[in-house]
Amino acid sequence: MITVTTYRANEVPPFAAEQMARLTNSGSDHHRWLTAASNGSGESPMPDDLVYAVISRDDDWDIHVIGWASVYLWQGVLALEGFVKHEERGKRVGSTLCNCLALSGNIPMSTPVAVFSPAFAAIAKWVGFDRIQEWKRVDDGWVRVG
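The residue count restarts for each chain, going from 1 along the sequence in the order it is written. Where totals are concerned, whole chains, interfaces and linings use all residues; where local detail is concerned, this predicted model gives features only for residues with pLDDT of at least 70, and gives and counts side-chain atom pairs only at 80 or more. Note: side-chain values were computed over all heavy atoms of the structure, leaving out hydrogens and water.

Kindly report on the pairing of strand β6 (residues 132–138), identifying the contributing residues and their values.
For two strands to be treated as a pair, DSSP must find at least two bridges joining them. A run of H or I in DSSP counts as a helix once it spans at least four residues, and a run of E counts as a strand once it spans at least two, with each numbered from the N terminus. Bridging between strand β5 (residues 113–115) and β6 involves three bridges; their strand directions are parallel. If you follow V115 over to β6, its bridge partner there is E134. Traced from β5 through helix α4 (residues 118–127) to β6, the parallel crossover comes out right-handed. As defined by bridge partners, β6 adjoins strand β7 (residues 141–144) across four bridges and the pair is classed as antiparallel. The residue bridging R137 from the neighbouring strand is W142, located in β7. The antiparallel hairpin formed by β6 and β7 contains two residues in its connecting segment. A crossover gets the label right-handed when its path from the first strand over the helix to the second runs clockwise, viewed with the strands pointing away from the viewer.

Right, dumping it as structure tokens:
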């Protein structure tokens, strides 16, 4: 069975946070936040407005996270991020997660949204956002590319 659940960041169950952290780029903010959440540490506090959508597969009571997406305020603009297991890509998993976030937060599609990869730019467009800002990581931070 497939389940999609939305959580406020401080409500993500530790087992899910651990699996989500493994799907996340090491050293990223999300990796730090999710690692702290998985071990109950308050060392890396999450933004107060951070919301996650998590999709998991239940294989006879063995629950596996196959993707996550998040939304929160980043540098004054709504940020849409996420990660899907490689073998699950191309199945609209990320799109489903982002659509759930947009619906659960009642986010107007005219709201500017920052994304950090071409894949998430395409997902944001598919979901219906019309003011997409694409950002790219550089040595000393982030630069806007779209």
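Help me get a handle on the packing of aromatic side chains, residues and values and all.
Within a pair of aromatic rings, the relevant descriptors are the distance that separates the centres and the angle that separates the planes. A pair of aromatic rings is counted whenever rings of Phe, Tyr or Trp (Trp by its six-membered ring) have centres within 6.5 Å, and the orientation is called stacked for planes under 30 degrees apart, edge-to-face for over 60 and tilted otherwise. For the structure on display, the rule yields six aromatic pairs. Relative to W68, the ring of Y52 has its centre 5.6 Å away and its plane inclined at 80°; by these criteria the two rings are edge-to-face. In this pair, Y52 is assigned in strand β2 (residues 51–59) and W68 in strand β3 (residues 62–74), connecting sequence segments 16 residues apart. For every residue, the accessible area obtained with a 1.4 Å probe (protein chains only) is divided by the maximum for its type, and the residue is called buried under 20%, exposed over 50%, and partly exposed between those limits. Relative accessible area serves as the criterion here: at 3%, W68 is assigned to the buried category. Pairing W74 with F116 gives two aromatic rings, centres 4.9 Å apart and planes at 90°, and the pair type is edge-to-face. Highlighted residues: W74 in strand β3 and F116 in the loop between β5 and α4, separated in sequence by 42 residues. Overall, W74 belongs to the buried group, its relative accessible area being 11%. Taken together, W74, F116, W135 and W142 form an aromatic cluster joined through their ring pairs. Geometrically, a lysine NZ or arginine CZ counts as sitting over a ring once it is within 6 Å of the ring centre and also within 35 degrees of the ring normal. Taking the ring centre of F83 as reference, the NZ or CZ of R89 above it sits at 4.8 Å.

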